[in-house]
Every structure is written in structure tokens, then in C-alpha cells.
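One letter stands for each residue in the lines below.
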Amino acid sequence: MQETVADIERSKKELEAQVGRKDNDMIGAQAKLGDEQALVSKVQKGSKTSGKVEQMEEELEAERQARAKAERQRSDLAREFESLGERLNESRGRQGTRGDR
């Protein structure tokens, strides 16, 4: 009977040790879960930031295209203005020549 009691006590200690290891494993798993949840939150926040950056890059590209278009139009208008100035000068020159006759 003492052997049975000793066997039961030994089994009890082994089970208590297993429970202790499982508790430690569970604590470690909970800590890991917390870390993973924090990482997920950070990634989600980064995803939102990334979306904002992407949107701003698209807006910047649209502004660059608009600026390039405006520069082309300004250049076209400058050439047209210069051409009109030359035509005006030619016209004045012809009028002056006619007036000399």
C-alpha cells in the first residue's frame, strides 16, 4: 500500500510539473499573441499611411501633368505673342512705306 501511495504522490508531482510547464507555455503564448496583435495593429496603421502616401503621390503626379500642360500653353502663347508682335511691326513698316510715297 505504501508503494501505491508513493506511486500516486510521484504521479501527482509529475502532473503538477506538467501543469506548471503548460502554464508557462500558455503565458508565453499569450505574450506572443499580444506581440502579434501589436504587430498587426502597426501594419494596419502603416497600410493606412501607405494608402495616404499613394494618394498624395497620385495628386503630385496630377499636379506635375497640369504644370507641364500649363508650361506648354505658356510657351505656345509666348510664340503667338512674338509672332503677333512681328506681324504688327511688319504692318507698321508697310504703313510707313506707303505714307512715304
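See the structure shown above.
Along each chain, the written sequence defines residue order, and numbers are assigned to residues from 1. Thresholds applied to this predicted model are a pLDDT of at least 70 for local features of residues and 80 or more for the giving and counting of side-chain atom pairs; totals over whole chains, interfaces and linings are not thresholded and use all residues. With hydrogens and water stripped out, all remaining heavy atoms of the structure feed into the side-chain values.

Participant: How would you summarise the overall build of the chain if you had to cite specific residues and measurements?
Facilitator: Numbering of helices and strands starts at the N terminus; helices are DSSP runs of H or I of at least 4 residues and strands are runs of E of at least 2. In terms of helices and strands, the chain carries one helix and zero strands. Its C-alpha radius of gyration of 43 Å places the chain more than 25% over the 13 Å reference for a compact globule of 101 residues. C-alpha extents for the chain along the principal axes are approximately 150 × 10 × 10 Å. The rule is simple: take the accessible area with a 1.4 Å probe, protein chains only, and divide by the maximum for that residue type; under 20% is buried, over 50% is exposed, in between is partly exposed. Per-residue burial over the chain gives 0% buried out of 101 residues. Calculation of accessible area relied on Shrake-Rupley with a 1.4 Å probe; when residues are assessed, cover is drawn exclusively from the protein chains displayed. Carbon and sulfur atoms form 53% of the exposed surface of the chain, whose accessible area is close to 9800 Å². The sign given to each residue is positive for Lys and Arg and negative for Asp and Glu; His and the chain ends receive no count. Lysine's charge is taken at NZ, arginine's at CZ, aspartate's at CG and glutamate's at CD. Charge-centre separation for the chain: the mean point of 21 positive side chains lies 9 Å from the mean point of 22 negative side chains. In this treatment the radius of gyration is a C-alpha quantity, and the globule benchmark scales as 2.2 Å times the residue count to the 0.38 power.

Participant: Describe the environment of lysine 42, with residues and values.
Facilitator: Structurally, lysine 42 is set in helix α1 (residues 2-100). Given a relative accessible area of 63%, lysine 42 falls into the exposed group. Considered as a pair, lysine 42 and glutamine 55 are 13 residues apart in the sequence and their alpha carbons are 20 Å apart.

Participant: Can you tell me about the pattern of salt bridges, naming the residues and giving the values?
Facilitator: By salt bridge we mean one thing: a side-chain nitrogen of Lys or Arg within 4 Å of a carboxyl oxygen of Asp or Glu. Within the structure shown, the criterion is met by four salt bridges. Of the charged contacts, one joins aspartate 7 and arginine 10 as a salt bridge, the two residues approaching to 2.3 Å between their closest N and O atoms. Residue aspartate 7 and its partner arginine 10 are both found in helix α1; the two are separated by three residues, about one turn of the helix. Residue classification places arginine 10 among the partly exposed positions, given a relative accessible area of 45%. Note that arginine 94 is salt-bridged to glutamate 90, the shortest N-O span being 3.8 Å.

Participant: Could you give me a rundown of a negative patch on the surface, with the residues and numbers involved?
Facilitator: A surface patch of like charges, here negative, comprises Glu54, Glu57, Glu58, Glu59 and Glu63. Considering the arrangement of structural elements, one finds glutamate 57 in helix α1. Only residues whose relative accessible area exceeds 30% and that form no salt bridge enter a patch; like-charged residues are grouped when within 9 Å of one another, and nonpolar side chains (Val, Leu, Ile, Met, Phe, Trp, Tyr) when within 5 Å.

In short, shape yes, function no, at least from these values alone.
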